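# Structure at a glance
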Amino acid sequence: MQKAPKTRAPNMTTMADGSMWRALMWMLFALAMFSLVAISGREAAREIAEAAGRTTPILSDTLQIMIVRSFVGLVIVSAIIAASEQGFRQITSRNLLLHTGRNTTHYVGQFCWFHALSLIPLSQLFALEFTSPLWVALFAWLLLGERFSAERIAAVVLGFLGILVIVQPGVQSIGLGSGLAMSAAITFALAMIATKSLMGRESALAVLFHMSWMQLLISGVLIGPYLSYQTTEAYAWLVVIGITSTAAHFALARAFKEGDAMIVAPMDFLRLPIITVIGALAYNEAIQPEIAIGAALILSGNALNLWGQHRLSRVRRPS
């Protein structure tokens, strides 16, 4: 009887390495997209303000950005859903109340972030935004009763010290841009907690779909009589915002799906030095020592919080 040919067992190390490399590539793509969101957002705001004969953006300018961004995102997400195997059957309405709370909060955060974009240096905006995971840890303890470990306490303390170093209350007045950036971080944290609850019940595409149409509706209600035609250049930047922001979040999700969070998540911290260099080269933004020190404290807090979560997950993991 003829022997069956031997089959080679899959090399798990090679498979793991391949998956990790894919995760790193997705993460690098996400970093590039997040940087383009910031650049296109600032350029769109500048184009809209200049077309109206102003030097600085006003609130209605940010609403113009938000409505086009939501529309482009809705078109992209709808196309992906239509092409997927389950189609629009995966879009449910069982959790509309939670979707509404999550998307309203996230909308406020995005509005604050985009408006702050033209008011403060990019490095300062991104540094303050990176306090969001620390706010998540605090809110998860206050609202959900999650364990507040020693690592989380130290991480939150480091984050608040970083905020104090950057904003310097008492030394200088807290400007609108800094206030908006901190508001964005806090509301993003609340949206993250709602997203965590939703992801246990619905698909990522369903969450993105409801976010897109709800935020488009909010923008339409708020902008009302302020909606106006923009220059070709402004519309071009606005479309870039919609494409790059959607691509960034998709790439980020793919990176976490492919690789271990303890390796992938720290790469997100590279957004800060990257955007600092972009701000210096493209906009002549000086690298201020207080922002560098504060950012180092905030990122240290994030790293400590991430390590604490990893250690806790290993303790809970059954042997």
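Residues numbered from 1 in each chain as written. Predicted model: local features only at pLDDT ≥ 70, side-chain atom pairs only at ≥ 80, totals over all residues. Heavy atoms only, no water.

So, about the packing of helix α3 (residues 96-116) against helix α8 (residues 204-223). Where α3 contacts α8, the two axes come as close as 9 Å, and the packing angle between them is 60 degrees. Judged on the interaxial angle alone, α8 and α3 are oblique. The way α3 lies across α8 gives a crossing that is right-handed. The residues of α8 that touch α3, namely those facing L96, H99, T100, R102, N103, T104, H106, Y107 and Q110, are A206, V207, H210, M211, W213, M214, Q215, I218, S219 and L222. Grouping the constituent residues of the contact of α3 with α8 by class yields nine nonpolar, nine polar and one charged. (Axes fitted to C-alpha atoms, helices over the stretch in contact; angles between N-to-C directions. Helix = DSSP H or I, 4+ residues; strand = E, 2+ residues; numbered from the N terminus. Parallel < 35°, antiparallel > 145°, perpendicular 65-115°, else oblique. Left-handed = near helix turned anticlockwise from the far one by under 90°. Contact = heavy atoms within 4.5 Å. Nonpolar A, V, L, I, M, F, W, Y, C, P; charged D, E, K, R; others polar.)

Attention shifts here to the side chain of S35. Mapped onto the elements of the fold, S35 is located in helix α1 (residues 12-51). With a relative accessible area of 7%, S35 lands in the buried category. Every residue in contact with S35, bar those within four places of it in the chain, is listed here: I274, I275 and I278. (Buried < 20%, exposed > 50% of the residue type's maximum accessible area, 1.4 Å probe, protein only.)

Another point: a nonpolar patch on the surface. On the surface, a nonpolar cluster with roughly 490 Å² of combined accessible area is contributed by W141, L142, L143, L144 and L190. With four residues, the top contributor of residues to the nonpolar patch is helix α5 (residues 132-144). Tracing the backbone shows L143 in helix α5. (Patch = residues over 30% accessible without salt bridge, like charges linked within 9 Å, V, L, I, M, F, W, Y side chains within 5 Å. Areas by Shrake-Rupley, 256 points an atom, 1.4 Å probe, with all protein chains shown as cover. Salt bridge = Lys/Arg side-chain N within 4 Å of Asp/Glu carboxyl O.)

Turning to the nonpolar core, a few remarks are in order. Membership of the largest hydrophobic core comes to 51 residues, with the highest contact counts inside it found for I65, W113, F114, L125 and L272. Looking at this core, the element that brings in the most residues is helix α7 (residues 176-199), giving eight residues. In terms of nonpolar packing, the next biggest core, distinct from the first, is built from 13 residues, M27, M33, A247 and A251 among them. (Core = buried A, V, L, I, M, F, W, Y, C linked by side-chain atoms within 4.5 Å.)

Turning our attention to the pattern of salt bridges. One side chain can pair with another of opposite charge once the charged atoms of both are near each other. Using the criterion set out here, one finds six salt bridges in the structure. When the shortest N-O distance is used, the salt bridge between E47 and R46 registers 3.6 Å. You can call R46 partly exposed: its relative accessible area is 35%. Put simply, E43, R46, E47 and E50 are held in one network by salt bridges that share partners.

Summing up the model confidence of the protein, the mean pLDDT is 84 and the portion of residues at 70 or higher is 88%. Taking the mean pLDDT of every element in the protein, the minimum, 65, falls on helix α10 (residues 261-264) and the maximum, 94, on α3. Segment residues 4-15: pLDDT under 50, and one contact once partners within four positions in sequence are set aside and those in other chains are kept. (pLDDT = per-residue confidence, 0-100.)

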